[in-house]
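Remarks on the overall topology
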Amino acid sequence: MGTEKGIIYDGYPSAEEIRQANGWPEEERWEKGPVAVVECVQQIPCNPCEGACPFHAIQIGNPITNTPRVDTEKCVGCGMCVAACPGLAIFVVDKSLGNGLAAVSFPFEYVPLPQKGDQVDALSRAGEFVCKAEVIKVMNPERNDHTPVITLAVPKEYADQVRTMRRLRLPEKGEGFHKAEKDEILDDDVIVCRCEEITAGEIRKAIREYKATTVTEVKRRVRAGMGLCQGRTCGKIVARMIAEETGKPMSEILGSTDRPPVRPVSFGELAADKEESDDERDNV
Amino acid sequence: MKREVVIIGGGPAGLAAAIEAESRGCDVLLVDENRRAGGQLFKQLHKFFGSKAHSAGVRGIDIGRQLLQKTEELNVEVWLNSPCIGIFSDKRAAILHNGVTEVVEAEKLLICTGGAENPLRFPGWTLPGVMGAGAAQTMVNVGRVLPGKRILMVGSGNVGVIVAYQLMQAGADVVGIVEGMPKIGAYGVHAAKIRRAGIPFYLGYTIKEAKGTDKVEKAVIAQFQGGKIVEGTELETDVDVICVAVGLRPLSELAQMAGVRHGFVPELGGFMPLHDENMESSVPGIYVAGDTAGVEEASTAMDEGRLAAAAAAQALGHFPDEEAEKRKQEIRDRLESLRQGPFGERRMAAKERIVGKGV
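These numbers were taken from a predicted model, which means no experiment stands behind them.

Turning our eyes to something else, we now look at the pattern of salt bridges. If you walk through the whole model with that rule in mind, you get 40 salt bridges over all chains. Because the salt bridges share partners, they merge into one network encompassing Asp187(A), Asp188(A), Arg204(A), Arg208(A), Glu244(A), Glu245(A) and Arg121(B).

Right, dumping it as structure tokens:
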């Protein structure tokens with residue numbers, strides 16, 4: 001949404017990033033037939049593609065955070081790597097189809113699956129409509145482990161753009177985001193401790209007026225964190241509020257002291273302990 | 001009642017630890033408060049990253065099944081529906097089991113109770129329909145219930161983006177992912193799956209308000225700069241669910257009441273129990289692993305569990321020193337490889353700092 005390009009801003013890799021990560025085959029390779037396009041541009045600890053290729057065309061090596069390197073001479077475009085990639089980031093593109101067409105294969109984990117011969121909407125990396133396209137193959141063997149691979153025939157000029165198809169069963173689309181109406185809500189009224197129904201205003205008061213500087217001190221003054229969940233939900237919010245109010249870093253704001261029982265327990269369950277000696281029971 | 005190794009929490013760390021310890025000949029008891037062990041693994045329908053040699057490319061749910069099967073094969077003693085309610089001196093764990101509080105004395109105690117989702121306070125956050133992304137994931141992937149039809153995701157880390165994808169696979173409309181930072185937090189490949197499906201990211205935005213009377217009806221988002229909402233930039237849309245995915249923190253109440261020294265490590269989720277290179281805490285014989293020992297991933301949690309269990313088995317005399325050192329080094333090397341790269345290096349540096357300082 002910003003002006004900067006690239007995967008961390010757009011959510012998909014730019015052509016430049018793919019090229020730099022060695023995912024993009026050389027120009028002369030395209031005409032020779034199908035080839036894997038690996039759009040994995042960040043150093044993440046992952047290497048199943050390396051073992052998935054029966055032709056040893058994908059190399060990661062050590063460390064496993066290396067981005068995959070495709071030997072396009074060895075790659076035959078078989079597509080075994082497409083479903084093996086946990087990140088769904090590998091595609092097979094075949095620009096040698098003829099008749100001005102190219103085939104684009106991609107992983108597609110949505111139901112229902114298209115049928116061979118269907119006309120579908122081919123979409124870009126940003127999910128935008130590129131062109132109409134025919135489904136020419138649907139691969140879903142057991143070894144894909146529920147990651148079907150779909151192949152579309154698209155006009156050759158779109159081969160580098162098309163990376164998926166529109167889902168066949170789309171949820172009902174509501175109205176998108178629009179400008180919000182002005183609305184005055186006071187943060188003081190927002191509940192922080194749900195179990196004991198303690199508001200942000202009450203907690204702020206405990207910090208400002210009663211000088212509470214730890215989560216335990218807030219708890220003792222206004223009961224935040226004394227309910228069923230024992231502060232598991234609100235504890236962090238209270239700590240953050242103390243940081244906001246006092247200017248102290250979070251590292252200096254101690255959490256509440258944890259004591260047994262950490263889960264709600266009935267007296268019956270506690271007293272039913274018959275195997276232990278009396279002094280041990282006293283500790284409980 | 002006594003056991004050599006008591007493991008509290010049967011998630012990825014606990015299961016992997018139980019298998020390691022049992023196969024080295026330890027007398028193991030694994031307790032979990034849920035009706036099935038596996039922790040968050042059974043919610044993870046996506047294929048895991050990591051090294052091919054260690055289950056990468058396998059879906060989390062299948063890794064969970066494999067671990068459970070292995071614990072059955074090894075006849076590990078597992079108590080389900082059995083929360084540990086407290087730890088007392090001499091490594092005694094009070095465990096609710098079949099309506100009775102059992103006090104189990106452990107020679108070695110491993111605490112791997114996982115993490116908890118961070119909450120976010122905003123007007124309307126207590127309305128039904130506002131939930132942690134993990135809660136939504138449990139509903140959709142374990143309970144097979146779609147929590148809503150129009151969903152806003154708050155937070156663009158791996159959890160937010162993966163859960164958004166899975167909600168979409170289950171048929172929901174994800175109206176967008178808001179992120180307070182100017183860039184996407186998740187692995188790019190996860191973000192790219194979402195973008196191909198046409199879901200927008202709102203970077204530099206945060207949730208300002210959830211509107212509704214009895215439940216969430218609208219979400220208001222606004223630009224977020226320098227930790228503050230920019231007035232006048234508010235946008236709203238109809239939603240029935242708002243998922244909050246703003247990080248996790250270690251759940252370490254049990255470690256804390258056992259007297260384990262804690263430290264504040266922001267890279268790993270805040271206050272956490274400190275540990276040495278064997279995952280042993282400042283209390284001899286008490287080990288920590290997985291998200292309890294700093295929030296990371298299931299793959300690192302499993303290896304930390306194995307490391308703690310190998311060390312415990314060695315200390316108990318079940319695992320000859322030479323073999324144990326070799327095994328532990330192998331696990332440490334693997335952990336190091338999982339923490340490589342721009343996404344892991346901060347966690348790796350934090351872990352090195354913790355281990356380097358000692359407990």
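A sheet is described by the order of its strands in space; here seven strands give the open sequence S1-S4-S5-S8-S7-S6-S9 (chain A), paired in antiparallel fashion. The strands lining the two open edges of the sheet, one partner per strand, are strand S1 (35–38) and strand S9 (164–165) of chain A.

Taken residue by residue, chain B gives an average pLDDT of 96. The fraction at 70 or more is 100%. Across the interfaces of the predicted complex, the ipTM metric reaches 0.93, alongside a pTM of 0.95.

Annotation from UniProt places "domain: FAD/NAD(P)-binding" (unreviewed entry) at residues 4–305 of chain B. Helix makes up 23% of residues 4–305 of chain B and strand 31%, and the two end C-alpha atoms of the span are 16 Å apart.

Between chain A and chain B, the contact holds 88 residues from the first and 84 residues from the second. Of the roughly 7500 Å² buried between chain A and chain B, counting both surfaces, carbon and sulfur atoms make up 56%. A salt bridge links Arg232(A) to Glu253(B), with the shortest nitrogen-to-oxygen separation between them at 2.4 Å. Counting the contacts that link chain A with chain B gives 36 residue pairs in polar contact (both at pLDDT 80 or more). Contributions of two or more residues to the side of chain A that touches chain B are made by helix H1 (7–10), strand S10 (178–179), strand S11 (191–193), helix H6 (200–208), helix H8 (235–246), helix H9 (267–271) and helix H10 (278–283) of chain A. When residues of the side of chain A that touches chain B are assigned to their parent elements, the largest contribution, five residues, is made by H8(A). Residues belonging to the side of chain A that touches chain B are distributed by class as follows: 39 nonpolar, 20 polar and 29 charged. In terms of strand pairing, S10(A) meets strand S15 (residues 235–238) of chain B through two bridges, oriented antiparallel. Following the sheet pairing, His178(A) is matched in S15(B) by Glu236(B).

Time to look at the domain arrangement of chain A. For chain A, the assigned domains read domain 1 (7–165) and domain 2 (191–252). The gap between the C-alpha centroids of domain 1 of chain A and domain 2 of chain A is 51 Å.

Here we take up the environment of Leu228(A). Residue and element names in this part refer to chain A. By secondary structure assignment, the location of Leu 228 is in the loop between helix H7 (215–222) and H8. Note on Leu 228: relative accessible area 63%, which makes it exposed. Sequence separation of Leu 228 and Val 218 is ten residues, and the distance between their C-alpha atoms is 17 Å. Once you skip the residues sitting within four places of it in the chain, Leu 228 turns out to touch Cys 195 and Pro 264.

By the definition in use, this model includes nine aromatic pairs over all chains. When the ring of Tyr202(B) is compared with that of Tyr205(B), the centres are 5.8 Å apart and the planes differ by 75°; the resulting orientation is edge-to-face. In textbook terms, an aromatic cluster arises when at least three aromatic residues are bridged by ring pairs, as seen for Phe106(A), Phe108(A), Tyr110(A) and Tyr165(B). Residue placement shows Arg19(A) over the ring face of Trp24(A); its charged tip is 6.0 Å from the ring centre. Looking at Arg167(A), its charged tip hangs above the ring of Tyr110(A), at a distance of 5.3 Å from the centre.

Among the structural elements, Arg167(A) can be located in the loop between S9 and S10. Here Ala197(B) takes part through its backbone oxygen, which lies 3.2 Å from a polar atom of the side chain of Arg167(A). Leaving out residues up to four positions away in the same chain, Arg167(A) has contacts with Phe108(A), Tyr110(A), Met168(B), Ala172(B) and Ala197(B).

Of all hydrophobic cores here, the largest spans 77 residues; its most connected members are Leu152(A), Val154(A), Met153(B), Leu167(B), Ile194(B) and Cys243(B). When residues in this core are grouped by element, the largest group, six residues, is from helix H4 (residues 158–169) of chain B. With 62 residues, the next largest nonpolar core counts Ala13(B), Ala289(B), Ala312(B) and Leu335(B) among its residues.

Residues and elements named next belong to chain B. In terms of burial, helix H5 (residues 188–196) is largely enclosed, as nine of its nine residues are buried. Gly 188, Val 189, His 190, Ala 191, Ala 192, Lys 193, Ile 194, Arg 195 and Arg 196 are the residues of H5 that are buried. At the exit of H5 stands Gly 198, carrying a positive phi of roughly 85°.

Right, let's talk about the sheet that holds strand S16 (residues 241–244) of chain B for a bit. Residue and element names in this part refer to chain B. The parallel open sheet is built from five strands, whose spatial order is S8-S16-S9-S10-S11. Strands with a single pairing partner mark the edges of an open sheet, and in this sheet they are strand S8 (130–132) and strand S11 (201–203). Recorded for the sheet is a direction-independent mean angle of 20° between the axes of neighbouring strands. Across four bridges, the pairing between strand S9 (residues 150–154) and S16 is parallel. Within S16, the residue paired with Met 153 across the bridge is Cys 243. Its contacts with the sheet place helix H3 (residues 133–142) against S8, S9 and S16, and it is angled at close to 90° to S8. Seen against the sheet, H4 touches S9, strand S10 (173–179), S11 and S16 and runs at an angle of roughly 170° to S9.

What counts and what doesn't
Residues numbered from 1 in each chain as written. Chains lettered and ligands numbered in written order. Predicted model: local features only at pLDDT ≥ 70, side-chain atom pairs only at ≥ 80, totals over all residues. Heavy atoms only, no water. Salt bridge = Lys/Arg side-chain N within 4 Å of Asp/Glu carboxyl O. Pairing = 2+ DSSP bridges. Helix = DSSP H or I, 4+ residues; strand = E, 2+ residues; numbered from the N terminus. pLDDT = per-residue confidence, 0-100. UniProt positions renumbered as here; feature names shortened; annotations may be inferred. Contact = heavy atoms within 4.5 Å. Buried area = accessible area lost by both parts, 1.4 Å probe. Polar contact = N/O pair within 3.5 Å; in protein donor to acceptor, adjacent residues only side chain to side chain. Nonpolar A, V, L, I, M, F, W, Y, C, P; charged D, E, K, R; others polar. Domains from an automatic or database assignment. Buried < 20%, exposed > 50% of the residue type's maximum accessible area, 1.4 Å probe, protein only. Phe/Tyr/Trp six-rings, centres within 6.5 Å; stacked < 30°, edge-to-face > 60°. Lys NZ or Arg CZ within 6 Å of the ring centre and 35° of its normal. Core = buried A, V, L, I, M, F, W, Y, C linked by side-chain atoms within 4.5 Å. Axes fitted to C-alpha atoms, helices over the stretch in contact; angles between N-to-C directions.

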